[in-house]
Amino acid sequence: MSAFYTRDGQFWLDDKPQLIQAGEFHYFRTPRNQWPHRLGLLRDAGFNAMATYIPWLWHQPEEGVTDVDGHSHPMRDLAGYLDLAADMGFLLIPRPGPYIMAETINEGVPPWVFDTFPQVAIINQAEQPQNIVSYLHPDFLACVEKWYEAVFAVLTPRQVTRGGRIIMIQLDNEMGMPHWVRNMFDVNPDTMARFADYLRGRYGSDLSARFPTDNLPAFLRDGLRHPAAPHAAPIVADYRCFYRDYLAEYAAFLWQVAQDNGMEVPPIVNVHGFSEGAGGRSFPLGLSQLIKVIEMPGMVTATDVYPLHIDEDNFHQLLFLNEATVAVQNRDQALFSAEFQSGGNQDFGGRQSSLYDLHSRLSISVGMRAINHYLFTGGENDPILSPVR
């Protein structure tokens, strides 16, 4: 039985340190008869690993309907794709969500989830329901349990611990990123009830002096929707701390359900925060938002970085975000980038051609030992995935 683990600032497979060079390959955007050729190009380029999102909305397009073996569409043959990549010698890093982003409808969550369970949607401070879920809403978690049961039936027997090639599995994608990008709080009643419970546990008998009210969830909801002195600032400050714990509870739920379905390899949390305007200076926002997830024993932290170019005005920011990540990640692991800008897509095509070489050299020189080059192979969207082809 093989084992993949972190130790002494390295990634290890069967007691051998690894330099993982992965390429992201979206099988669900590539005709099945082209999979061998595209994977061959990945191998010829010198890569030893393959990573891919696994879109929930692609494999469960309707409630109660699952296809992970290609019986309804050849590009849904997840099992066949992973076996092909393994047979070609790749280590595997699947990313089954439930969120994947990747320019898909609802960031990868099937539309039927919102149609059947509208109560799971985030409600922002303007009282507008969003196409983003309240992560811990019990009706959403029940849907996730069924998705994980289906997808881990494919992933579990293909782990290195069971003779396969899967070395790590990313749970969800960029947790909390939509909230940051959309500048929103979640005032869904379920979230507000959890926020109130958090404050009761944190402040105990001192809570009534901090927030004098007989209906704490409603008081908090109104304070986030219509901020006013003297309570707006402490409500927002407490919400930030609460949401760190909230995300950690969500990550723990996903990990436990994955383990209940046989997951044995390390989990990955990927951190957002790099922005085109602020560059690496904004990355600590993602680290701060996800700090309680990052600190979970056994969690592997990975960065998502899209610098667009590299020169004298931003190379230090790339060094900074790497060092900031090292400061908070699991002490046993090496630096890892789960989305390391590479190749081109509609957002990043036609940029600096030397970026990929220079950024790789810079990151490896400061201890990065796992890189997923995003995006190596894309393709075209089925309308189920996105109206944008």
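Asks: Help me understand the overall build of the protein in this model?
Replies: Within the protein, the regular secondary structure consists of 14 helices and 13 strands. Its C-alpha atoms give the protein a radius of gyration of 21 Å, near enough to 21 Å, the size a compact globule of 389 residues would have. Counting every position in the protein, which comprises 389 residues, the buried fraction comes to 57%. Within the protein, residue pairs in contact and separated by at least 24 positions form 76% of the contacts whose partners lie at least 6 positions apart. For the protein, the distance from the average site of its 28 positive side-chain charges to the average site of its 45 negative ones is 3 Å.

Asks: Even after reading the chapter, I still don't get the pairing of strand E2 (residues 10-13), so can you show me in this structure?
Replies: Where a strand is regular, its side chains alternate between the two sheet faces. Relative to E2, strand E1 (residues 4-7) is paired through 4 bridges, and the arrangement is antiparallel. Of the residues in E2, the one forming a bridge with Tyr5 is Trp12. Examined bridge by bridge, E2 and strand E3 (residues 16-18) share 3 bridges and lie antiparallel to one another. Within E3, the position partnered with Trp12 by the bridge is Pro17. Connecting E2 to the next strand, E3, in antiparallel fashion are 2 residues, including Asp14 with a positive phi near 55°.

Asks: Would you mind showing me how to read the packing of aromatic side chains here?
Replies: How two aromatic rings sit relative to each other is set out by the distance from centre to centre and by the angle between their planes. Applying the stated criterion across every chain yields a total of 27 aromatic pairs. Each ring, one from Tyr5 and one from Trp12, has its centre 6.4 Å from the other, and the planes form 5°; the classification is stacked. By relative accessible area, which is 11% here, Trp12 ends up buried. Here the aromatic rings of Trp56 and Trp147 are separated by 6.3 Å at their centres, their planes lie at 15°, and the arrangement is stacked. Of the two residues, Trp56 sits in helix H2 (residues 56-59) while Trp147 sits in helix H5 (residues 138-155), which places them 91 residues apart along the sequence. Connected via pairs of aromatic rings, a cluster forms that spans Phe185, Phe195, Tyr198, Tyr239, Phe242, Tyr243 and Tyr246. Residue placement shows Arg76 over the ring face of Trp58; its charged tip is 4.1 Å from the ring centre. Over the aromatic face of Tyr53 sits the side chain of Arg95, whose NZ or CZ is 4.0 Å from the ring centroid.

Asks: Mind showing me how you'd approach the side chain of His59 here?
Replies: Mapped onto the fold, His59 is located in helix H2. Under the relative-accessibility criterion, His59 is labelled buried at 0%. A distance of 2.6 Å separates a polar atom in the side chain of His59 from a polar atom in the side chain of Tyr27. Polar side-chain contacts of His59 include one of 2.7 Å to the backbone oxygen of Asp67.

Asks: Can you help me understand the sheet that holds E3 in this one?
Replies: The pairing of strands in a sheet happens through backbone hydrogen bonds and is either parallel or antiparallel. One open sheet accounts for 3 strands, arranged E1-E2-E3; its pairing is antiparallel. The open sheet is flanked by E1 and E3, the only strands paired with a single partner. Shown here is a sheet whose adjacent strand axes are inclined to one another by a mean of 45°, direction ignored.

Asks: For this particular structure, what's the right way to read a nonpolar patch on the surface?
Replies: Taken together, Trp180, Val181 and Leu285 make up a surface patch of nonpolar side chains, about 280 Å² in accessible area. Positionally, Val181 belongs in helix H6 (residues 177-182).

Asks: Explain the sheet that holds strand E6 (residues 91-95) to me, please; I cannot follow it from the model alone.
Replies: The strand order across the open sheet built from 8 strands is E6-E5-E4-E13-E12-E11-E10-E9, with neighbouring strands paired in parallel fashion. Sheet topology places E6 and strand E9 (169-170) at the edges, where each strand pairs with a single neighbour. Pairing of strand E12 (residues 335-341) with strand E13 (residues 368-377), which is carried by 5 bridges, proceeds in the parallel orientation. Counted as the bridge partner of Phe340 is His373 from E13.

What counts, and where the lines are drawn
One numbering rule holds for all chains: residues counted from 1, following each sequence as written. In keeping with the predicted nature of the model, local features appear solely for residues at pLDDT of at least 70, side-chain atom pairs appear and are counted solely at 80 or more, and the whole-chain, interface and lining totals rest on all residues. Side-chain measures here rest on the full set of heavy atoms in the structure, leaving out hydrogens and waters. The helix and strand labels rest on DSSP assignments: H or I over at least four residues marks a helix, E over at least two residues marks a strand, and numbering proceeds from the N terminus. Each radius of gyration is computed over the set of C-alpha atoms, and the globule rule expresses the reference value as 2.2 Å times the number of residues to the power 0.38. Buried means the residue's accessible area, taken with a 1.4 Å probe over protein chains only, is under 20% of the maximum for its type, while exposed means over 50%, and partly exposed covers the values in between. Contact criterion: two residues are considered in contact whenever any of their non-hydrogen atoms come within 4.5 Å of each other. Just so you know, the count uses Lys and Arg for positive and Asp and Glu for negative, and it drops His and the chain ends. Charge placement uses NZ in Lys and CZ in Arg. For Asp and Glu, CG and CD serve respectively. Strands are labelled as partners when DSSP assigns at least two bridges between them. Classification of ring pairs uses Phe, Tyr and Trp, with its six-membered ring standing for Trp, and accepts pairs whose centres are within 6.5 Å; under 30 degrees between planes counts as stacked, over 60 as edge-to-face, and the remaining range as tilted. Only when the NZ of Lys or the CZ of Arg is both within 6 Å of the ring centre and within 35 degrees of the ring normal is a charge said to sit over the ring. Under the rule applied, a polar contact is a pair of N or O atoms within 3.5 Å (in protein, one hydrogen donor and one hydrogen acceptor; residues adjacent in sequence only if both atoms are side-chain atoms). Here an axis means a line fitted to C-alpha atoms, over the contact stretch when the element is a helix, while the angle between two N-to-C directions is reported on a 0 to 180 degree scale. Patch membership requires more than 30% relative accessible area and the absence of a salt bridge. Residues of like charge join within 9 Å; the nonpolar side chains Val, Leu, Ile, Met, Phe, Trp and Tyr join within 5 Å. Methods summary: accessible areas were calculated by the Shrake-Rupley approach with a probe of 1.4 Å, and residue burial reflects only the protein chains presented. For this document, the term salt bridge refers to a Lys or Arg side-chain nitrogen within 4 Å of an Asp or Glu carboxyl oxygen.

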